[in-house]
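One-letter residues, chain by chain:
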Amino acid sequence: MIDLSVNIAGVRLKNPVLTASGCFSYGEEASEIYDISRLGGIVTKSLTYLPREGHPPPKVVETDSGMLNAIGLSNVGIDKFIFEKLPFLRQFDTACIVSIAGSRVEEYVKMTERLAECDGIAAIEANISCPNVDEGGLEFGAYREPAGRVIAEIKRRAKQPVIAKLSPNVTDIVEIAKSVVANGADAISLINTLVGTVIDIEKRSFKLSNKCGGLSGPAIRPVALAMVYKVANTVKVPVIGMGGIMTASDAVQFMLAGASAVEVGTACFIDPMAPLKIIDGLRDYLARHHEKSVKDIIGKVRRS
Amino acid sequence: MFDAGDIATAAKPGQFIQVKTSDDCFPLWPRPFSIHDADPVTAHLTIMFRIYGSGTAQMAARRPGELMHLFGPLGNGFPAVDGNLDVILAAGGIGLPPLYFLAKDAVEKGLSPHKMTFIAGAKSKLELLNEARLFELGLRPVICTDDGTAGRRGTVVDVLEQELAPRQKVTVYACGPNAMLREVDLLLARGNLSGFLSLEALMPCGYGICSGCAVRVHPPADRGPTDDRCDYHLKRVCIEGPVFSAGEVMWD
């Protein structure tokens, strides 16, 4: 029997495969297709205090081995989430991680206080790295001090472990990681999308209504993997890796680089069953390498 | 034509499937195709497509007997045709396949083909899609081409306007390029007529999780304050569509 369970900041996950924020909505759609209790956990769409419609179309564009999105944090808002979406998610035996995003520190604080009163939330993922809103979001994640400050404020009110989700759009992601950990982050997840754009040369216009968007998918995987490796080597808290994970072998790479768990994002669009295939493939990999526990491969890439 | 198992059994007119030809990363997304025909007995499912980009080019290169990833049926589909109402089906170019399926379904459920007016249009004769199948259903389709190389000269919208003129009460089912649907929607609004429009959109996921295909619709009256203070509401074409009621969409 191979043990797939991992531990992230005191939260036991039955397996290390989570669905990434914004790539699973609030679980309803996928639950019609398969039993989402099989997942290690799910990360909700990022919530803001008030609901957001998001950017007008076009909101997505396909790129070479990847895609750009400028969804603009469409979400139902914290109230509707707590009253309608969370009760639904509680029915499932999987870790529910709630992603929150704001344009001011007070918004993160107000949401954290609301979530502190709720049962059935395994952890909070603080999205301080969304590239798709004009004000805030990424501004917190882009610099050491504001990143640390917002995490400290969330941490003071949070009843659940706090995961800081980092942006790759920075000079040195390790510095941001150190800052959020020094300010109490219980875990780190990385990477959010890379800022990118595509131009239609006939119309001489941007292909996204928001001009720029966030690049995800296989195209960003090597970048993400290197960042996960560097951060996991520096901080003492668990790291959740993501960025273009499509298959179990991609997930294994992230775990060998030091990730204690992985989030699957864009792959859920291409194939709804991708997270389950990754879980099965992970088990096969461990069997093939005579490993008893997935924990035994975390950070086990050879250094020399 | 696919050997599509349960997808063919469950398919309803106006629904679509996502097709991914290979596990390759390029093109990354599956491609959505409206269902042209589905036979629950043989489990055969038919789509029609035009080679447009890399996804369709890859599909065209596949040979009989090869496997592809299919996902579906997806989307809300058309409401069933009400035999008591006067009905016009307006198909522009690649909008024909789902409307054929709708008409076939209605005929199979006992509706006389003569109760439906089917307008099938394209830019020119060569781009007309398989209109012969419409005659097989017993329909007497009104064919039109922009350049007059087949049927009446004019667009689907021109012909629809002519067909609407003598009628008081009619329901229109339309599918075609979004530019055509916009015109149809305006036409229906002017005549205060009801109708259903099946929209085309790029879709990364096809089942509602990514919101990438969302279109602007008029916000519900009871919508409270929003963070981004938009004058629009968004609906996902893949799961809240692809069929929208006339007057619902905010066109660009």
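Residues numbered from 1 in each chain as written. Chains lettered and ligands numbered in written order. Predicted model: local features only at pLDDT ≥ 70, side-chain atom pairs only at ≥ 80, totals over all residues. Heavy atoms only, no water.

1. Overview of the environment of T46(B)
Residues and elements named next belong to chain B. Here is the rule: Strands are runs of DSSP state E lasting at least 2 residues, helices are runs of H or I lasting at least 4, and numbering of each runs from the N terminus. Contacts are residue-level and defined by heavy atoms, with any inter-residue pair within 4.5 Å sufficient.
Along the chain, the position of T46 falls in strand β5 (residues 44–46). Sequence separation of T46 and D3 is 43 residues, and the distance between their C-alpha atoms is 9.0 Å. With near-sequence residues (within four places) excluded, T46 lies in contact with M1, I35, H36 and D37.

2. Looking at the pattern of salt bridges
Stated precisely, the cut-off is as follows: Salt bridge, as applied in this entry: a Lys or Arg side-chain nitrogen positioned within 4 Å of an Asp or Glu carboxyl oxygen.
This model, assessed by the stated rule, comprises 35 salt bridges over all chains. K295(A) is paired through a salt bridge with D3(A); the nearest N and O atoms lie 3.1 Å apart. Of this pair, K295(A) sits in the segment after α10 (274–288) while D3(A) sits in the segment before β1 (6–8), and the two are 292 residues apart along the sequence. A salt bridge links D227(B) to R52(A), with the nearest nitrogen and oxygen atoms 2.8 Å apart.

3. Comments concerning the environment of L193(B)
Residues and elements named next belong to chain B. By secondary structure assignment, the location of L193 is in the loop between α6 (178–191) and β12 (194–198). Measuring from C-alpha to C-alpha, the distance between L193 and V170 comes to 6.6 Å, with 23 residues separating the pair along the chain. In this structure L193 touches L164, Q168, V170, L188 and A246, once residues within four positions along its chain are discounted.

4. Thoughts on the domain arrangement of chain B
Residue and element names in this part refer to chain B. Here is the rule we go by: Residue ranges assigned to each domain were obtained from an automatic or database domain assignment. Take the accessible area each of two parts loses on contact, using a 1.4 Å probe, and add the two losses: that sum is the buried area. We call Asp, Glu, Lys and Arg charged. Ala, Val, Leu, Ile, Met, Phe, Trp, Tyr, Cys and Pro are nonpolar, and the rest, Gly among them, are polar.
Annotation of chain B at the domain level lists domain 1 (2–74) and domain 2 (86–200 + 240–245). Computed from C-alpha coordinates alone, the two centres of domain 1 and domain 2 are separated by 23 Å. With 13 residues of domain 1 at the interface, the matching set in domain 2 holds 15 residues. Counting the surface lost from both domain 1 and domain 2, the interface buries some 1300 Å², and carbon and sulfur atoms represent 63% of this. Linking domain 1 to domain 2 there are two salt bridges. Measuring nitrogen to oxygen at the nearest pair gives 2.7 Å for the salt bridge that ties K104 to D37. Here the residues of the side of domain 1 that touches domain 2 sort into seven nonpolar, three polar and three charged.

5. Considering a negative patch on the surface
All names here are of chain B. What counts, and what does not: Residues with no salt bridge and a relative accessible area higher than 30% make up the patches, which join like charges within 9 Å and nonpolar side chains (Val, Leu, Ile, Met, Phe, Trp, Tyr) within 5 Å. Per-residue accessibility takes into account occlusion by the displayed protein chains alone, with areas from the Shrake-Rupley method and a 1.4 Å probe. Counted as positive: Lys and Arg. Counted as negative: Asp and Glu. His and the chain ends are not counted at all. In plain terms, the charge of a residue is placed at NZ if it is Lys, CZ if Arg, CG if Asp and CD if Glu. Only protein chains enter the accessibility calculation, which uses a 1.4 Å probe. A residue is then buried if its area is under 20% of the maximum for its type, exposed if over 50%, and partly exposed in between.
Together, E127, D146, D147, D158 and E161 line one region of the surface with negative charge. Mapped onto the elements of the fold, D147 is located in the loop between β9 (142–145) and β10 (152–153). The class of D147 is partly exposed, set by a relative accessible area of 32%.

6. Focus on the packing of aromatic side chains
Under the convention used in this document: Put simply, two rings from Phe, Tyr or Trp (the six-membered ring, in Trp's case) pair if the centres are within 6.5 Å, and we call them stacked under 30 degrees between planes, edge-to-face over 60, tilted for the rest.
Under the defined criterion, the tally for this structure stands at seven aromatic pairs over all chains. Measuring from ring centre to ring centre gives 5.4 Å for Y108(A) and F140(A), while their planes differ by 85 degrees; the resulting arrangement is edge-to-face. Note that Y108(A) is positioned in helix α3 (residues 105–116) and F140(A) in helix α4 (residues 138–142), a separation of 32 residues in sequence. Look at Y108(A) and you get buried, because its relative accessible area is 0%. A residue is classified by how much of its surface remains accessible, and F140(A), at 8% relative accessible area, is buried. Aromatic pair F78(B) and Y173(B): ring centres 5.7 Å apart, planes at 70 degrees, arrangement edge-to-face. Of the two residues, F78(B) is situated in the loop between β6 (69–74) and β7 (87–92) and Y173(B) in strand β11 (residues 171–175); the sequence distance between them amounts to 95 residues.

7. Thoughts on the interface of chain B and chain A
Across the boundary between the two partners, chain B contributes 31 residues, which contact 36 residues of chain A. When the area that chain B buries against chain A is broken down by residue, the three leading residues are L28(B), I209(B) and D227(B), summing to 24%. Inspection of the region where chain B meets chain A yields five salt bridges. A salt bridge links R52(A) to D228(B), with the shortest nitrogen-to-oxygen separation between them at 3.9 Å. Secondary-structure elements contributing two or more residues to the side of chain B that touches chain A are β13 (215–217) and β14 (233–235) of chain B. When the residues that make up the side of chain B that touches chain A are grouped by side-chain class, the tally is 19 nonpolar, five polar and seven charged.

8. Observations concerning the sheet that holds β6(B)
What holds strands together in a sheet is hydrogen bonding between their backbones, with the strands either parallel or antiparallel. Residue and element names in this part refer to chain B. Test applied: A strand pair is defined by DSSP finding two or more bridges across the two strands. Angles here are taken between N-to-C directions and fall from 0 to 180 degrees, while the axes themselves are lines fitted to C-alpha atoms, restricted in helices to the stretch in contact.
Spatially, three strands are ordered β3-β2-β6 in an open sheet, and the strand pairing comes out antiparallel. In the strand order of this sheet, the two ends are held by β3 (31–34) and β6, each with one partner. If you compare each strand with its neighbour and ignore which way they point, the axes differ by 25 degrees on average. Here four bridges tie strand β2 (residues 16–20) to β6, and the two strands are oriented antiparallel to one another. Following the sheet pairing, Q18 is matched in β6 by F71.

9. Describing the pairing of strand β7 (residues 95–100) of chain A
Residue and element names in this part refer to chain A. Selection rule: Crossovers are described as right-handed under a simple rule: with the strands pointing away from the observer, the path leading from the first strand over the helix to the second runs clockwise.
Among the six residues in β7, six count as buried, and that is most of the element. With burial as the criterion, each face of β7 is covered, one bearing A95, I97 and S99 and the other bearing C96, V98 and I100. As paired strands, strand β4 (residues 41–43) and β7 are joined by three bridges and run parallel to one another. The partner of V43 across the bridge, within β7, is I97. Where β7 and strand β8 (residues 123–127) come together, four bridges link them in parallel fashion. Bridging from a neighbouring strand, V98 pairs with I124 of β8. In this fold, β7 hands off to α3, which returns the chain to β8; that crossover is right-handed.

10. Points about the packing of helix α6 (residues 173–182) of chain A against helix α7 (residues 221–234) of chain A
Between two packed helices, both the angle of their axes relative to each other and the distance between the axes serve to describe the pair. Residues and elements named next belong to chain A. We apply this condition: Note that the term roughly parallel is reserved for angles under 35 degrees, roughly antiparallel for angles over 145, roughly perpendicular for angles of 65 to 115, and oblique for everything else. The hand of a helix crossing depends on one turn: near helix anticlockwise from the far one by less than a right angle means left-handed, and clockwise means right-handed.
Where α6 meets α7, the axes come as close as 9 Å, and the angle between the chain directions of the two elements is 40 degrees. In terms of orientation, α6 lies oblique with respect to α7. As for how α6 packs across α7, the hand of that crossing is right-handed. In this structure, α6 contributes I173, V174, A177 and K178 to the contact, and α7 contributes M227, K230, V231 and T234. A per-class count over the contact of α6 with α7 returns five nonpolar, one polar and two charged.

11. Considering a nonpolar patch on the surface
Side chains of I199(A), I201(A) and F206(A) sit close together on the surface and give an oily, nonpolar patch of about 310 Å² of accessible area. Tracing the backbone through its elements, the reader meets I199(A) in strand β12 (residues 199–200).

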